[in-house]
Amino acid sequence: GLNRVQVMRALKNDMIGSIDLRAPMRVIKYLTFKEHGRIPRSDDKVTKKLSEVPDDVKIGFVSHRWLRPGEKECMENGHVWDGRPHPDDEAGTKHRLICDG
């Protein structure tokens with residue numbers, strides 16, 4: 001059988017090969033994520049491309065829906081619109097949930 005590093009390498013290569021190169025999958029170290037204090041946006045510059053991550057690291061994947069995708073939906077759901085879309089609410093509820101999980 002394959003060891004953990006071989007499995008991660010195979011999964012990573014499959015993921016990289018299936019992603020649109022215009023929007024590569026990006027990852028963040030857990031401690032960086034936690035210290036950042038909120039779910040990062042791409043312009044926060046705290047993530048790396050999956051292709052830049054060593055094969056021997058463990059990767060957790062969190063699938064989620066943006067809570068503030070646009071002003072109209074944000075306001076309809078009782079969130080504060082700060083002028084740009086964001087995956088979390090203004091209180092950082094989703095970030096805390098991910099960190100606590």
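Residues numbered from 1 in each chain as written. Predicted model: local features only at pLDDT ≥ 70, side-chain atom pairs only at ≥ 80, totals over all residues. Heavy atoms only, no water.

A few points about the side chain of K94
Next up, step 1: Within the secondary structure, K94 sits in helix α4 (residues 93-100).
Next up, step 2: Buried and unpaired, K94 has no salt bridge, with D88 as the nearest side chain of opposite charge at 5.7 Å.
Next up, step 3: Polar contacts involving the side chain of K94 include one to the side chain of H64, which spans 3.1 Å.
Next up, step 4: Here K94 is in contact with I39, H64, R65, W66, L67, P87 and D88, once residues within four sequence places are set aside. (Helix = DSSP H or I, 4+ residues; strand = E, 2+ residues; numbered from the N terminus. Buried < 20%, exposed > 50% of the residue type's maximum accessible area, 1.4 Å probe, protein only. Lys, Arg positive; Asp, Glu negative; His and termini not counted. Salt bridge = Lys/Arg side-chain N within 4 Å of Asp/Glu carboxyl O. Polar contact = N/O pair within 3.5 Å; in protein donor to acceptor, adjacent residues only side chain to side chain. Contact = heavy atoms within 4.5 Å.)

Comments concerning α4
Next up, step 1: Within the sequence span of α4, burial applies to K94, H95 and C99. Along the axis of α4, the buried positions cluster into a sector of 135 degrees, meaning they face one direction only. Counted as exposed and oriented over 90 degrees from the buried face of α4: L97 and D100.
Next up, step 2: On the buried face of α4, the contacting elements are α2 (30-36). (Arc of directions from axis to C-beta.)

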